[in-house]
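Fold and contact review
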Amino acid sequence: MELSSKYNPQETQDKWLQFWKDENIFHAKPDADKKPFTIVIPPPNVTGILHMGHALNNTLQDILVRYKRMNGFEVLWMPGTDHAGIATQNVVEKQLAKEGRTRQDLGREEFLKRLWSWKKEYGDTIIHQLERLGSSCDWPRVRFTMDDAYSEAVKHAFVSLHQKGLIYQGKRIINWCPRCQTALSDEEAEHKEKNGKLYYIKYPLKDNPNAWVVVATTRPETMLGDTAVAVNPQDERYRLLIGKTLILPLVDREIKIIADDFVASDFGTGAVKVTPAHDPNDFMMGERHQLTVINVMHPDGRINKEGGAYEGLDRFEARKRILVDLEERGLLEKEEDHKNAVGHCYRCDTMVEPYLSKQWFVKMKPLANRALEAVKSQEIKIHPTRWIKVYTNWMEDIHDWCISRQIWWGHRIPVWYDENGNAYVAKSQEEAYLQAKVTQGANVSLTQDEDVLDTWFSSWLWPFATLGWPKDNLDLKYFYPTNTLMTASEILFFWVARMVMAGFEFMGQKPFSDVLIHGTVRDAKGRKMSKSLGNAIDPLEIIHEYGADALRFSLIINSGQDIFISKEKFEIGRNFANKIWNASRLVFMNCSKEAMEGDYENLEFQNLDLHSRWIIARFYETLIRVNASIEAFHYSEAEVLVQDFFWGDYCDWYLELIKAKFTDIHIQKTALFILKNSLKLLHPFMPFVTEEIYSKLQTRDQCLSLSAWPVRSEKLFCSQAAFQMQTVIDIITAIRNIRAQWNVKPGESVDVCIVCADTLLTDLVAQNKGDIKRLARLKDFVLDTKAPVLKNSAFALVGEIKIVVPLDGIIDINAEKNRMMSETAQKKKAMEGLNSRLHNADFIARAPEEIIQKEKERLETLTKEVKELEALLANLT
RNA sequence: GGACUCAUGGCUCAGUUGGUUAGAGCGUCGCCCUCACAUGGCGAAGGUCGAAGGUUCAAAUCCUUCUGAGUCCACCA
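Residues numbered from 1 in each chain as written. Chains lettered and ligands numbered in written order. Predicted model: local features only at pLDDT ≥ 70, side-chain atom pairs only at ≥ 80, totals over all residues. Heavy atoms only, no water.

**Thoughts on the overall build of chain A**
In terms of regular secondary structure, chain A is built from 30 helices and 29 strands. The C-alpha radius of gyration computed for chain A amounts to 37 Å, which surpasses the reference 29 Å derived for 877 residues by more than 25%, pointing to a less compact arrangement than a globule. Over its C-alpha atoms, taken along the principal directions, chain A stretches across nearly 115 × 65 × 55 Å. For chain A, the proportion of its 877 residues judged to be buried stands at 54%. The long-range share in chain A, meaning contacts at least 24 apart out of those at least 6 apart in sequence, stands at 77%. (Helix = DSSP H or I, 4+ residues; strand = E, 2+ residues; numbered from the N terminus. Rg over C-alpha atoms; globule rule 2.2 N^0.38 Å. Buried < 20%, exposed > 50% of the residue type's maximum accessible area, 1.4 Å probe, protein only. Contact = heavy atoms within 4.5 Å.)

Shown next as structure tokens:
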């Protein structure tokens with residue numbers, strides 16, 4: 001079995017994607033002998049195209065999933081997509097627009113047919129892309145939020161909440177998108193700070209047209225719907241005017257001056273126009289004062305017939321005209337610059353209009369209580385913990401959720417009306433009919449509510465609706481509650497918070513126990529990656545050029561809070577994959593058939609040399625730390641650890657050390673043992689290249705994805721080896737240092753004298769003489785107990801070991817002297833610090849004993865070293 | 001207006017509960033195509049941890065204030 005001389009990521013990816021699929025490797029089913037581990041995927045929009053955010057999110061999940069699977073859990077990672085009501089409808093409407101048609105031209109039924117065929121053709125795009133990333137989902141289980149079973153769950157949820165009185169219909173001011181022509185929830189209206197104007201408008205008194213009240217407004221066009229002007233009852237300026245009548249300019253309507261505590265006297269003029277149909281505060285004031293409510297706008301944002309002369313104008317056009325007309329009449333006192341935050345549709349960025357309409361709402365307070373408590377009590381843990389506060393703030397100040405949407409793509413609201421307008425909430429028309437029949441007689445005819453539900457009203461059921469809820473079944477019993485949810489912060493309120501509420505409400509249990517909020521992927525300049533900015537890096541392009549492993553590895557190793565990425569960053573992963581490949585090649589080329597086919601999983605400690613004991617110790621140290629990092633969701637830390645070990649210890653030291661003795665069967669076995677176990681450690685991060693190399697091993701499991709994670713063997717772990725080996729490494733490094741310093745060409749061998757008084761150390765050096773000679777490129781090697789008198793030599797100290805390298809004719813003795821003097825000075829400075837600390841009575845009195853002890857030891861070593869250095873310096877003169 | 005995060009060598013980030021001479025990677029510089037890998041090897045330079053103050057025997061690490069960058073929330077028109 002051999003590895004090709006050049007690693008081909010594409011071929012490897014294709015091969016293993018096929019294998020995993022053919023063998024259905026990632027299928028999860030209830031297994032009483034194993035513990036379940038379930039992860040909740042944030043289902044991407046069905047219109048989605050893989051971007052770096054998906055790549056990051058899925059890699060994070062896949063790392064955990066593969067780790068847990070290898071640790072013996074029955075892992076369920078169910079993939080799926082979200083029907084994304086407005087977004088998807090927009091896509092197909094755009095298509096229609098190209099044909100010069102609208103959805104209304106087609107009619108509801110035809111339009112929906114069109115949507116479904118679009119879904120059939122393009123809906124799996126993102127799923128296939130996630131697969132290419134290496135995501136080890138249970139692919140055949142793929143779910144869609146509009147699957148039949150899922151739809152049943154949605155209806156069930158609606159009816160059940162309605163029965164509890166948690167869903168109601170109400171006429172209220174909601175966020176309205178004039179372009180999408182639908183209501184939005186508060187979360188779907190994104191507040192954006194805008195530099196606007198505050199207009200001061202004179203409203204003349206009826207009694208005295210030469211006197212007026214000035215009101216300040218940012219939206220003058222809404223004055224067409226004004227039905228009062230309000231002032232604070234405490235405001236002296238207006239006290240006498242309360243109850244008087246004003247003439248609304250341009251409209252000539254008579255409106256009253258009312259007093260309301262809501263009005264802040266210090267803003268604007270202290271008098272505010274009241275437009276109950278177009279502002280939530282005004283609406284509430286209107287209710288308090290029984291004001292007339294006049295809606296002046298069509299759903300598309302044009303002024304309606306209530307607007308008189310302005311009828312038919314778009315809201316912004318109307319604003320311009322109204323300002324001109326007011327100006328002409330001398331009623332526009334002034335305008336001021338004014339910053340304010342205005343809601344924008346999160347799907348099309350159109351400025352949202354506060355709009356009065358009849359919608360369905362969910363009462364959130366009763367649902368929020370349990371969800372709040374769960375996070376506060378750590379029953380659900382949010383990582384990093386700072387998000388807890390964000391979550392609790394939102395939950396504590398929660399508003400009712402507007403769930404009806406005036407679009408066609410989505411779950412139609414399960415409500416039917418009879419001819420008299422009575423509503424029947426039911427899971428089906430048949431059930432509604434049974435209800436209606438009781439009061440309306442058998443001939444009652446029903447029509448279903450035209451609206452559909454907010455997409456998130458289905459998404460919040462995901463953790464259990466995908467498992468078959470509301471039907472009781474084994475999957476649901478075994479896999480719920482789930483374990484971990486990993487997601488970007490953007491959908492904390494939209495989705496995460498609501499899933500928690502839904503979990504408790506419908507299942508009586510939390511939906512998951514850990515939530516990991518990860519950062520956003522940004523470009524090198526820190527901007528969000530987006531199509532419109534043109535700064536997006538396409539993950540598929542990276543997969544094609546560098547490989548999926550490289551994409552995954554680089555993405556994770558760069559992940560701090562947010563992830564700043566540029567194309568070159570992916571070389572890190574590519575290079576590492578290449579290194580793994582080549583190191584494996586070296587091992588395979590040097591291992592005998594006997595070693596390859598033998599049982600190198602059960603090494604005997606007594607057969608191992610120092611180097612092998614050392615690399616095993618280093619491996620287990622790494623393993624323990626990697627485990628801890630993964631459990632703590634610190635994946636980038638885990639990657640650094642594995643990379644440091646594999647590249648820095650295994651490749652750079654161990655493989656170099658054993659090259660001279662690769663014929664030894666025990667060495668071969670150890671090399672294979674470490675390689676195999678390293679592949680396991682690397683696998684969650686780089687699944688493809690590791691599977692491929694693993695598959696060339698003779699003794700192995702069906703595939704690496706299903707193999708068992710390593711466990712530290714106490715029999716093989718030897719901390720002494722680690723210490724001894726470090727000394728050998730330090731000696732070699734010190735000599736290499738000297739060579740580089742004096743520019744000794746690699747081809748030129750030098751002699752060296754190693755001076756050491758300690759017998760144990762002397763033995764160690766003697767045993768490793770060959771390796772030191774080879775790796776430091778030495779001609780000859782003298783081991784002595786005391787320093788010889790050698791002129792023209794370079795010196796180095798490694799603990800108690802002195803290294804003398806004669807460099808006659810090469811060395812500049814004065815430069816070497818200077819170097820050693822500065823080294824001495826450095827050490828002396830450190831000694832000073834230690835001395836002053838150790839002579840500080842407070843330090844001695846208050847610092848823990850072990851710290852003092854450490855400092856003392858440190859001082860002792862430094863003193864010794866300085867002494868040695870000074871002796872060597874004296875030798876030089 | 002409220003909340004939060006970040007500020008460490010040229011760049012991107014580590015730095016666990018405060019405890020030796022602050023770590024990586026990239027980049028830079030020097031030497032090397034050594035028969036696994038130049039997507040490589042060996043070595044070097046470079047920071048006192050945004051500013052000021054405080055707590056402490058001891059602070060990059062805790063507290064306060066300030067400055068700068070960013071994020072989220074918000075019905076004062």
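**Quick word on the packing of aromatic side chains**
Inspection of every chain in the model, using the stated rule, returns 34 aromatic pairs. On the numbers, 5.1 Å between centres and 65° between planes, the contact of Trp 16 with Phe 19 is edge-to-face. Note that Trp 16 and Phe 19 are positioned in helix H1 (residues 9–22) at a spacing of three residues, about one turn of the helix. Looking at Phe 19, the relative accessible area reads 23%, which means it is partly exposed. When the centroid spacing of 5.1 Å and the interplanar angle of 80° are considered together, the rings of Phe 464 and Trp 469 count as edge-to-face. Note on accessibility: Phe 464 and Trp 469 belong to one class, buried. Among the aromatic residues, those joined into a cluster by ring pairs are Phe 158, Trp 360, Trp 401, Phe 457, Trp 460, Phe 464, Trp 469, Tyr 480 and Phe 506. Here the guanidinium or amino end of Arg 103 rests over the ring plane of Trp 408, the centre of that ring lying 4.7 Å away. (Phe/Tyr/Trp six-rings, centres within 6.5 Å; stacked < 30°, edge-to-face > 60°. Lys NZ or Arg CZ within 6 Å of the ring centre and 35° of its normal.)

**Topic: the sheet that holds strand E13 (residues 332–345)**
With antiparallel pairing, three strands are arranged side by side in an open sheet as E8-E7-E13. The open sheet is flanked by strand E8 (212–217) and E13, the only strands paired with a single partner. This sheet shows a mean twist of 20° between the axes of neighbouring strands, independent of strand direction. Strand direction decides the pairing type here: strand E7 (residues 189–204) and E8, joined by six bridges, are antiparallel. Paired with Tyr 203 across the two strands is Val 213, which belongs to E8. (Pairing = 2+ DSSP bridges. Axes fitted to C-alpha atoms, helices over the stretch in contact; angles between N-to-C directions.)

**Describing the pattern of salt bridges**
Within the structure shown, the criterion is met by 55 salt bridges. In this structure, Asp 235 and Arg 237 form a salt bridge, with 2.8 Å as the shortest nitrogen-oxygen distance. Given a relative accessible area of 6%, Asp 235 falls into the buried group. Shared partners join several salt bridges into a network, and the residues in it are Lys 15, Glu 692 and Lys 696. (Salt bridge = Lys/Arg side-chain N within 4 Å of Asp/Glu carboxyl O.)

**Digging into the nonpolar core**
Ranked by size, the top nonpolar core spans 203 residues in total, and within it Phe 457, Leu 461, Tyr 650 and Ile 803 carry the most contacts. In terms of residues, this core owes the most to one element, helix H22 (residues 635–658), which gives 13 residues. Dropping the residues within four chain positions of it, Phe 457 is found in contact with Val 154, Ala 157, Phe 158, Leu 161, Ile 167, Val 362, Trp 401 and Ile 403. Membership of the second largest hydrophobic core comes to 35 residues, among which are Tyr 199, Ile 201, Met 297 and Tyr 310. (Core = buried A, V, L, I, M, F, W, Y, C linked by side-chain atoms within 4.5 Å.)

**Focus: the protein's contact with RNA strand B**
In the vicinity of RNA strand B lie 54 residues, with Asn 281, Asn 582, Trp 647, Arg 846 and Arg 858 positioned nearest. Backbone sugar and phosphate groups make up 57% of those atoms of RNA strand B lying within 4 Å of the protein. A distance of 3.1 Å is found between a base nitrogen of RNA strand B and a backbone nitrogen or oxygen belonging to Phe 267. Between RNA strand B and Trp 647, the relevant distance is 2.5 Å, taken from a phosphate oxygen to a side-chain nitrogen or oxygen of the residue. Sort the elements by how many residues they give to the surface near RNA strand B and helix H19 (residues 570–590) lands first, with nine residues. In the surface near RNA strand B, the residues fall into 21 nonpolar, 16 polar and 17 charged. (Near = heavy atom within 4 Å. Polar contact = N/O pair within 3.5 Å; in protein donor to acceptor, adjacent residues only side chain to side chain. Nonpolar A, V, L, I, M, F, W, Y, C, P; charged D, E, K, R; others polar.)

**Comments concerning the side chain of Lys 802**
Note that Lys 802 resides in strand E29 (residues 801–806). By relative accessible area, which is 13% here, Lys 802 ends up buried. Reaching out from Lys 802, the side chain makes a polar contact with the side chain of Glu 868 at a distance of 2.9 Å. Aside from chain neighbours lying at most four places away, what touches Lys 802 is Cys 753, Ile 754, Val 755, Ala 796, Leu 797, Glu 868 and Leu 872.

**Quick look at the confidence of the model for chain A**
If pLDDT is low for a region, its predicted coordinates should not be looked at in detail. Here chain A averages 90 in pLDDT, while 99% of its residues score no lower than 70. Scored as a complex, the prediction yields pTM 0.93 and ipTM 0.94. (pLDDT = per-residue confidence, 0-100.)

**Quick look at the packing of H19 against H22**
Packing of H19 against H22 brings their axes to within 11 Å, and their N-to-C directions diverge by 35°. The handedness of the crossing between H19 and H22 comes out as left-handed. Residues Asn 575, Phe 576, Lys 579, Ile 580, Ala 583, Leu 586 and Val 587 of H19 lie in contact with H22, whose contacting residues are Gln 643, Phe 646, Trp 647, Tyr 650, Cys 651, Asp 652 and Leu 655. Per-class residue counts for the contact of H19 with H22 are 10 nonpolar, two polar and two charged. (Left-handed = near helix turned anticlockwise from the far one by under 90°.)

**Considerations on the pairing of strand E2 (residues 74–77)**
Neither face of E2 is exposed, since Glu 74 and Leu 76 on one face and Val 75 and Trp 77 on the opposite face are all buried. With four bridges connecting them, strand E1 (residues 36–40) and E2 associate as parallel partners. In the strand pairing of E2, Pro 36 is matched with Glu 74. Handedness of the crossover joining E1 and E2 through helix H2 (residues 52–70) is recorded here as right-handed. (Right-handed = clockwise from strand over helix to strand, strands pointing away.)

**Overview of unusual backbone geometry**
Cis geometry is found at the peptide bond from His 383 to Pro 384, where omega equals -10°. Along the chain, Pro 384 turns up in the loop between strand E15 (381–383) and helix H11 (386–396). The residue after Trp 469, namely Pro 470, is reached through a cis peptide bond having omega 5°. Along the chain, Pro 470 turns up in the loop between helix H14 (462–465) and helix H15 (474–479). Positive phi, normally seen in glycine, also occurs at Asp 252, with a value near 60°.

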